[in-house]
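Summary of structural features
Here is how the chains run, residue by residue.
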Amino acid sequence: MAPLIQAENLVKIYRMGQVEVPALRGVSLTVEPGEYVAIMGPSGSGKSTLMHILGCLDRPTEGSYRLEGREIATLDEDQRAEIRKRRVGFVFQQFNLLSRLTALENVEVPMVYLGMPPRERRKRALALLERVGLAQRAHHRPTEISGGEAQRVAIARALANDPALILADEPTGNLDTRTGREILALFRELHREGRTIVVVTHDPEVAQEAERIIYLRDGKVVPKL
Ligand SMILES: Nc1ncnc2c1ncn2[C@@H]1O[C@H](COP(=O)(O)OP(=O)(O)OP(=O)(O)O)[C@@H](O)[C@H]1O
Ligand SMILES: [Mg+2]
């Protein structure tokens, strides 16, 4: 099978007026379908920048990024958005739920973008909330649930488009240890079901859950920190 992710020599330079900030300086990596990979590195080492590229939110200044064999680096914003909505699920440290929508409606959002009929998406959203153990919170808004519950909703939302790739940037960063472990258990189950997961973390306990750790330092992959 072809790699799910194949990145070669990714360079990302942010331009701020006259100043150039190099965030990635030649990152190459491969992730196979079904792998569970952690990315670790000091603050500012380029982890989120890399995640944005892997998630097709941004494109590299130089280098090649192939997702499921398709070159992403040369695609424009609309083309990347199209791939994102079909193939990628995101989980963020701050959950990023829409505060005016209920848990159920938040999970429905990606399916609205996919043009799924309301009945079908409502049914699927409920099933996903059940999947993460939150069916009983379906009609609560984000302010009416705990942090751990909010992250579960976010994970259900990330699964809504049946993504080829789940990307998580510090998914337990805002949670206490016990709640963080519940989220890790959920990732473990998703991995067992064959999902591909790439998780950025500072936390060795989170990284240890993965099958493999990729270390970044100063925008480069290094053997260890
Ligand atoms: N939008 C941006 N514009 C300019 N510079 C940026 C931008 N985003 C990140 N940077 C810079 O690029 C470098 C890498 O940032 P990045 O956010 O990828 O680091 P990180 O490893 O995720 O750090 P942290 O662990 O603190 O989240 C840093 O020097 C940062 O200041
Ligand atoms: Mg970051």
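Quick summary incoming for the structure in this document. (Residues numbered from 1 in each chain as written. Chains lettered and ligands numbered in written order. Predicted model: local features only at pLDDT ≥ 70, side-chain atom pairs only at ≥ 80, totals over all residues. Heavy atoms only, no water.)

Here we look at the overall build of the protein chain
Looking only at helices and strands, one finds seven helices and ten strands in the protein chain. On C-alpha atoms alone, the protein chain measures out to a radius of gyration of 17 Å, which is about the 17 Å that the 2.2 N^0.38 rule sets for 225 residues. Over its C-alpha atoms, taken along the principal directions, the protein chain stretches across nearly 50 × 40 × 35 Å. Here the protein chain holds 225 residues, and the buried ones make up 48% of them. Expressed as a percentage of contacts within the protein chain between residues at least 6 apart in sequence, the contacts between residues at least 24 apart total 70%. In the protein chain, the 32 positive side-chain charges and the 30 negative ones have mean positions that sit 2 Å from each other. (Helix = DSSP H or I, 4+ residues; strand = E, 2+ residues; numbered from the N terminus. Rg over C-alpha atoms; globule rule 2.2 N^0.38 Å. Buried < 20%, exposed > 50% of the residue type's maximum accessible area, 1.4 Å probe, protein only. Contact = heavy atoms within 4.5 Å. Lys, Arg positive; Asp, Glu negative; His and termini not counted. Charge placed at Lys NZ, Arg CZ, Asp CG, Glu CD.)

Examining the site of ligand 1
In the vicinity of ligand 1 lie 13 residues, with S43, G44, K47, S48 and T49 positioned nearest. T49 is positioned with one of its side-chain polar atoms (N or O) 2.6 Å from an oxygen atom of ligand 1. Contact with the protein chains covers 61% of the free accessible surface of ligand 1, which is 640 Å². For the shell around ligand 1, the secondary-structure elements that each account for two or more residues are β1 (5-16), β2 (19-31) and α1 (47-54). Sort the elements by how many residues they give to the shell around ligand 1 and α1 lands first, with three residues. (Near = heavy atom within 4 Å. Polar contact = N/O pair within 3.5 Å; in protein donor to acceptor, adjacent residues only side chain to side chain. Areas by Shrake-Rupley, 256 points an atom, 1.4 Å probe, with all protein chains shown as cover.)

With respect to the environment of M16
Looking at where M16 falls in the secondary structure, it is placed in strand β1. A relative accessible area of 56% means that M16 is categorised as exposed. Sequence separation between M16 and V107 is 91 residues, and the spatial gap between their C-alpha atoms is 36 Å.

Some points on the packing of aromatic side chains
According to the stated counting rule, one finds one aromatic pair in the structure shown. Judged by centre distance (5.7 Å) and plane angle (10°), the ring pair of F90 and F92 falls under stacked. (Phe/Tyr/Trp six-rings, centres within 6.5 Å; stacked < 30°, edge-to-face > 60°.)

A short note on the pairing of β1
Strand direction decides the pairing type here: β1 and β2, joined by ten bridges, are antiparallel. The partner of Y14 across the bridge, within β2, is V21. Remark: two residues form the turn of the hairpin made by β1 and β2, two consecutive strands paired antiparallel; G17 in that turn has positive phi of roughly 60°. Taken together, the five bridges between β1 and strand β4 (residues 62-67) define a ladder with antiparallel strand orientation. Following the sheet pairing, Q6 is matched in β4 by R66. (Pairing = 2+ DSSP bridges.)

Concerning a nonpolar patch on the surface
On the surface, M16, V19 and V21 cluster together to form a nonpolar patch covering roughly 270 Å² of accessible area. Position of V21 relative to the elements: it lies in strand β2. Take V21: its relative accessible area is 35%, and that puts it in the partly exposed class. (Patch = residues over 30% accessible without salt bridge, like charges linked within 9 Å, V, L, I, M, F, W, Y side chains within 5 Å. Salt bridge = Lys/Arg side-chain N within 4 Å of Asp/Glu carboxyl O.)

Quick look at the sheet that holds β4
Either a parallel or an antiparallel arrangement is found when strands of a sheet pair, and the pairing is made through backbone hydrogen bonds. Taken in spatial order, the four strands of this open sheet run β2-β1-β4-β5, and their pairing is antiparallel. Of all the strands in the sheet, just β2 and β5 (70-71) have a single pairing partner and so form its edges. Note: β4 against β5, two bridges, orientation antiparallel. The partner of R66 across the bridge, within β5, is E71.

Here's the deal with the side chain of R121
Among the secondary structure elements, R121 is positioned in helix α4 (residues 118-131). Polar side-chain contacts of R121 include one of 3.4 Å to the backbone oxygen of M116. For R121, the residues in contact, after removing those within four places along its chain, are E108, M111, V112 and M116.

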